[in-house]
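Overview (structure and organization)
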Amino acid sequence: WNMDLGKWKNHVIKYFREIEEDEGRKITLEEWDDRLLRHFPAWCIDNYSGYSPSTFSHWSQFINRLFRYALDRDLINRIPRVAPVKQGGMQAERSRMRREITPEDYDAIRHWFYDQINNPPPRDAHFQDYTYLAYLFTIIIAGTGIRPPTGKTEHTMIKWEDVLIDGPNEDRPILRRDNEKGHRYEALIMPEAAWAFRELRQFYEAKGFDCTKGFCFRHTYNRYSSGPSKWNLGDPIQTFKGQIVRCGKALGMRGDNGKQSENLTFSSLRAFFITQRLITDPNVR
């Protein structure tokens, strides 16, 4: 509900208002039809050129939900059709890809984090913790190939219950994800990522955290602020975006023209993992 309300207030309602301005009148719920909504895909592209087709698809799905809700309550007689936004083919797909990184790039990223930890600029101890955790997070993403968790989708965030690196799994550690796009799967954990998980566990246990269950990455202190910058001790860390952005800028892995294909992100590390597996074994399943 909150996500749909945001789509409506920040984006979709603007299209409805523009159509009413063009028509010069207030349009009733029943009057919205295929004709009035046919230009929505083109409007999305013209007004939000930096957004991905998947975002526009979410907006279209929201409009469909809105009219389906109205139909269920007998407020309209039929649901108007909203055409999907076309993906644009391979060329557009390439333009939306994150920056590709080489083994040399990955070494540079690791060394940058390592230098930040061992030769830190003046900052408080909590920020130092955050940098160290971002370093381990980087190794884990590059060593598992999982979709990088985001704060908006809590179920994608890594939990200790899903990290199987001890006992019978010590020789073949795996990361089990029970709800990844509606199905369960297991991700291989490379040796370096297994090391990072053990380092992570040792780090939190030294601070008195329970590392048998719950989120792997958690805040180590209370932050009293407003908005998303406020959290309590033990809350899950939603993102390390700030760290990867600083790293990209320091290493020249950020584009100045706004193209995300030139920017270093954690998705770049996911692609790096996949590429390295294919280089190691072209027949990998």
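No experiment lies behind these values; they were computed from the predicted model shown. (Residues numbered from 1 in each chain as written. Predicted model: local features only at pLDDT ≥ 70, side-chain atom pairs only at ≥ 80, totals over all residues. Heavy atoms only, no water.)

**Let's talk about the overall build of the chain**
The secondary structure content of the chain amounts to ten helices and three strands. Counting across all 285 residues of the chain, residues that qualify as buried make up 39%. A fraction of 60% describes how many contacts in the chain between residues 6 or more apart in sequence connect residues 24 or more apart. Summing over all exposed atoms, the chain offers an accessible surface of approximately 17,200 Å²; the carbon and sulfur share of this is 50%. (Helix = DSSP H or I, 4+ residues; strand = E, 2+ residues; numbered from the N terminus. Buried < 20%, exposed > 50% of the residue type's maximum accessible area, 1.4 Å probe, protein only. Contact = heavy atoms within 4.5 Å. Areas by Shrake-Rupley, 256 points an atom, 1.4 Å probe, with all protein chains shown as cover.)

**Notes on the confidence of the model for the chain**
Here the chain averages 85 in pLDDT, and 88% of its residues register 70 or above. Across the chain, the element-wise mean pLDDT spans from 54 in helix α5 (residues 89–96) up to 95 in helix α8 (residues 191–206). (pLDDT = per-residue confidence, 0-100.)

**Quick look at the side chain of K7**
Of note, K7 is situated in helix α1 (residues 2–23). Setting aside residues no more than four positions away along its own chain, K7 makes contact with V12, H58, W59, F62 and R65.

**With respect to the environment of I146**
With respect to the element layout, I146 can be found in the loop between α7 (125–142) and β1 (163–164). Of the residues examined, I146 reaches a relative accessible area of 0% and is grouped as buried. Considering only alpha carbons, one finds I146 and T156, ten residues apart in sequence, at a separation of 9.4 Å. When sequence neighbours within four positions are dropped, the list of residues in contact with I146 reads I141, I158, L175, R177, Y185, A187 and R270.

**Comments concerning the nonpolar core**
Grouped together as the largest cluster of nonpolar side chains are 45 residues, with contacts concentrated most on V163, F197, L200, F217 and F240. Going through the elements one at a time, α6 (103–118), α7, α8, α9 (241–250) and α10 (266–280) are the ones with two or more residues in this core. It is α7 that provides the largest number of residues to this core, a total of eleven residues. When sequence neighbours within four positions are dropped, the list of residues in contact with V163 reads I158, I174, L175, I189, F197 and C216. By size, the runner-up hydrophobic cluster in this structure holds 21 residues, among which are V12, C44, A70 and I76. (Core = buried A, V, L, I, M, F, W, Y, C linked by side-chain atoms within 4.5 Å.)

**Some details on the environment of R123**
Checked against the element boundaries, R123 lands in the loop between α6 and α7. Those residues in contact with R123, other than ones at most four positions away along the chain, are Q116, Q128, T131 and R246.

**Examining unusual backbone geometry**
With phi around 60°, D74 is a residue other than glycine that occupies positive phi space. Along the chain, D74 turns up in the loop between α4 (53–72) and α5. Of the residues examined, D74 reaches a relative accessible area of 69% and is grouped as exposed.

**Describing the pattern of salt bridges**
One pass over the structure, following the stated rule, counts twelve salt bridges. One salt bridge connects R25 with E31, and the closest N-O pair in it is separated by 3.0 Å. A relative accessible area of 31% means that E31 is categorised as partly exposed. As a salt-bridge pair, R198 and D166 come within 3.7 Å of each other at their nearest N and O atoms. Pair noted here: R198 is in helix α8 and D166 is in the loop between β1 and β2 (174–180), with a separation of 32 residues, a long-range link. When salt bridges with common partners are traced through the structure, they connect E23, R25, E31 and R35 into a single cluster. (Salt bridge = Lys/Arg side-chain N within 4 Å of Asp/Glu carboxyl O.)

**A short note on a nonpolar patch on the surface**
Together, I274, L278 and V284 make up a nonpolar patch on the protein surface, roughly 230 Å² of accessible area in all. Following the sequence through the fold, V284 ends up in the segment after α10. Classification of V284 as partly exposed rests on a relative accessible area of 37%. (Patch = residues over 30% accessible without salt bridge, like charges linked within 9 Å, V, L, I, M, F, W, Y side chains within 5 Å.)

**A closer look at empty space enclosed by the protein**
Applying the stated rule across the entire model yields one cavity of 30 Å³ or more. When its volume is computed, the largest cavity comes out at roughly 40 Å³. Around the largest cavity, the lining residues are H126, D129, Y130, L133, R218, H219, T220, Y221 and I237. Of the residues belonging to the lining of the largest cavity, the class tally is four nonpolar, three polar and two charged. (1 Å grid on protein atoms, 1.4 Å probe; cavity = no way out; pocket = protein on both sides within 12 Å on 5 of 7 lines; lining within 4 Å. Points joined across faces, edges and corners; volume = space filled by probe spheres on them. Nonpolar A, V, L, I, M, F, W, Y, C, P; charged D, E, K, R; others polar.)

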